[in-house]
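# Residue-level structure breakdown
If you want the building blocks of each chain, they are given just below.
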Amino acid sequence: TQLLEQSPQFLSIQEGENLTVYCNSSSVFSSLQWYRQEPGEGPVLLVTVVTGGEVKKLKRLTFQFGDARKDSSLHITAAQPGDTGLYLCAGPNSSGNTGKLIFGQGTTLQVKP
Amino acid sequence: NAGVTQTPKFQVLKTGQSMTLQCAQDMNHNSMYWYRQDPGMGLRLIYYSASEGTTDKGEVPNGYNVSRLNKREFSLRLESAAPSQTSVYFCASIFRGWNTEAFFGQGTRLTVV
């Protein structure tokens, strides 16, 4: 069974601080995705990483896919209150061709002004 | 662009009552999924439909049924609601191209008393 484990589960920081969220698995994934979910809304896709070692940047957010394609990280530089939300990593289930996505438990980020 | 539309947004049921959650997408995707989201447990797959006319069980299907009415619509039915089904329910429409991406509705917050 493929599992994705995120750490930390909760993070409360002050505006301007940097942070890193991790998404780990013992299984290889063909790709990994990061979603952000704001209160009362559904998750929204931020990025997909496909190649081992790949780094993608989205303004102050930096996403990295591990060389072995078993893990990913999300780094936020100079966090702002608008970054507050639930961050979820997800990857496609490799068994069969169902297109199912496996989600991590999520990391709740609170950025205080 | 409506994307994925879920109704209702909020619902309170008494134990034993039934209800149907509606979901429609206008992105012409073949695959549609139903998830439930509970604190600390991430998103868990209830049922999915890889294409029109097919449905399959996910991780937590007990107590639920689904209908893929047509390519656009995928409904989730609770035949006899139980307090354990209190949760936030999300419908997702899945794009399966060179990678798999999920587009979520805004969710239905269901309370069973």
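Here the structure is shown first, and the text comes after it.
A short tour of the structure in this document, coming up. (Residues numbered from 1 in each chain as written. Chains lettered and ligands numbered in written order. Predicted model: local features only at pLDDT ≥ 70, side-chain atom pairs only at ≥ 80, totals over all residues. Heavy atoms only, no water.)

### Points about the sheet that holds strand E1 (residues 4-7) of chain B
Residue and element names in this part refer to chain B. Read across the open sheet, the four strands follow the order E1-E3-E8-E7; overall the sheet is antiparallel. Each having just a single partner strand, E1 and strand E7 (64-68) make up the two edges of the open sheet. Each adjacent strand pair in this sheet contributes to an overall mean axis angle of 15 degrees, direction not counted. One ladder, built from three bridges, connects strand E3 (residues 19-25) with strand E8 (residues 74-78); its direction is antiparallel. By the bridge assignment for E8, Met-19 is matched with Leu-78. (Pairing = 2+ DSSP bridges. Helix = DSSP H or I, 4+ residues; strand = E, 2+ residues; numbered from the N terminus. Axes fitted to C-alpha atoms, helices over the stretch in contact; angles between N-to-C directions.)

### A word on the side chain of Ser-25 of chain A
Residue and element names in this part refer to chain A. Residue position: Ser-25 is located in the loop between strand E3 (19-24) and strand E4 (32-37). Looking at Ser-25, its side chain comes within polar contact range of the main-chain nitrogen of Ser-27, at 2.9 Å. Residue contacts for Ser-25: discarding those within four places in its chain leaves Leu-3, Leu-4 and Lys-70. (Polar contact = N/O pair within 3.5 Å; in protein donor to acceptor, adjacent residues only side chain to side chain. Contact = heavy atoms within 4.5 Å.)

### Considerations on the sheet that holds strand E7 (residues 61-65) of chain A
All names here are of chain A. Taken in spatial order, the five strands make up an open sheet running E1-E3-E8-E7-E6, and their pairing is antiparallel. The strands lining the two open edges of the sheet, one partner per strand, are strand E1 (5-7) and strand E6 (55-58). Averaged over all neighbouring strand pairs, the angle between strand axes comes to 15 degrees, with direction disregarded.

### Some details on the state of the cysteines
All names here are of chain A. Inspection of every chain in the model, using the stated rule, returns two disulfides over all chains. There is a disulfide in this structure between Cys-23 and Cys-89, and the S-S distance comes to 2.0 Å. Between Cys-23 and Cys-89, the S-S dihedral sits near 75 degrees, and the bridge is therefore right-handed. Residue Cys-23 is located in strand E3, and its partner Cys-89 is located in strand E9 (residues 85-92); the two are separated by 66 residues in the primary sequence. Given the relative accessible area of 0%, Cys-23 is considered buried. (Disulfide = S-S within 2.5 Å. Buried < 20%, exposed > 50% of the residue type's maximum accessible area, 1.4 Å probe, protein only.)

### A few points about the interface of chain A and chain B
Taken together, the contact between chain A and chain B spans 23 residues of the former and 21 residues of the latter. Inspection of the chain A/chain B interface yields zero salt bridges. Within the residue set of the side of chain A that touches chain B, elements represented by two or more residues are E4, strand E5 (44-49), E9 and strand E10 (101-103) of chain A. Among the residues forming the side of chain A that touches chain B, the class breakdown is nine nonpolar, 12 polar and two charged. (Salt bridge = Lys/Arg side-chain N within 4 Å of Asp/Glu carboxyl O. Nonpolar A, V, L, I, M, F, W, Y, C, P; charged D, E, K, R; others polar.)

### Overview of the nonpolar core
Residues and elements named next belong to chain A. Core analysis: the biggest nonpolar cluster contains 22 residues, and Leu-4, Leu-19, Trp-34, Phe-63, Leu-74, Ile-76 and Leu-109 have the highest contact counts within it. Mapped onto this core, the elements with two or more residues apiece are E3, E4, E5, E7, strand E8 (71-76), E9 and strand E11 (107-112). Each residue touching Leu-19, except ones within four places of it in the same chain, is listed here: Leu-11, Ile-13, Leu-74, His-75, Ile-76, Ala-79 and Leu-109. (Core = buried A, V, L, I, M, F, W, Y, C linked by side-chain atoms within 4.5 Å.)

### What about the pairing of E8 of chain A?
All names here are of chain A. Bridge analysis of E3 against E8 gives six bridges, and the strand direction is antiparallel. The residue of E8 that forms the bridge with Val-21 is Leu-74. Pairing of E7 with E8 involves five bridges; the strand directions are antiparallel. The residue of E8 that forms the bridge with Phe-65 is Ser-72. Hairpin connection of E7 to E8: five residues between the antiparallel strands, including Arg-69 at a positive phi of 60 degrees.

### Details of the environment of Ser-18 of chain B
Residues and elements named next belong to chain B. Inspection of the secondary structure assignment puts Ser-18 in the loop between strand E2 (10-13) and E3. Counting along the chain gives 62 residues from Ser-18 to Ser-80, while the straight-line C-alpha distance between them is 5.1 Å. Polar contacts involving the side chain of Ser-18 include one to the side chain of Arg-77, which spans 3.2 Å.

### Here's the deal with the pattern of salt bridges
Taken as a whole and judged by the stated rule, the model has five salt bridges over all chains. Between Lys-56 of chain A and Glu-54 of chain A there is a salt bridge whose closest N-O contact spans 3.8 Å. Assessed through its relative accessible area of 19%, Glu-54 of chain A is described here as buried. Two residues, Glu-79 of chain B and Arg-77 of chain B, come together in a salt bridge whose shortest N-O distance is 3.2 Å. The exposure class of Glu-79 of chain B is partly exposed, given its relative accessible area of 42%. Assessed through its relative accessible area of 29%, Arg-77 of chain B is described here as partly exposed. One network of salt bridges, in which partners are shared, links Arg-36, Asp-38 and Arg-44 of chain B.

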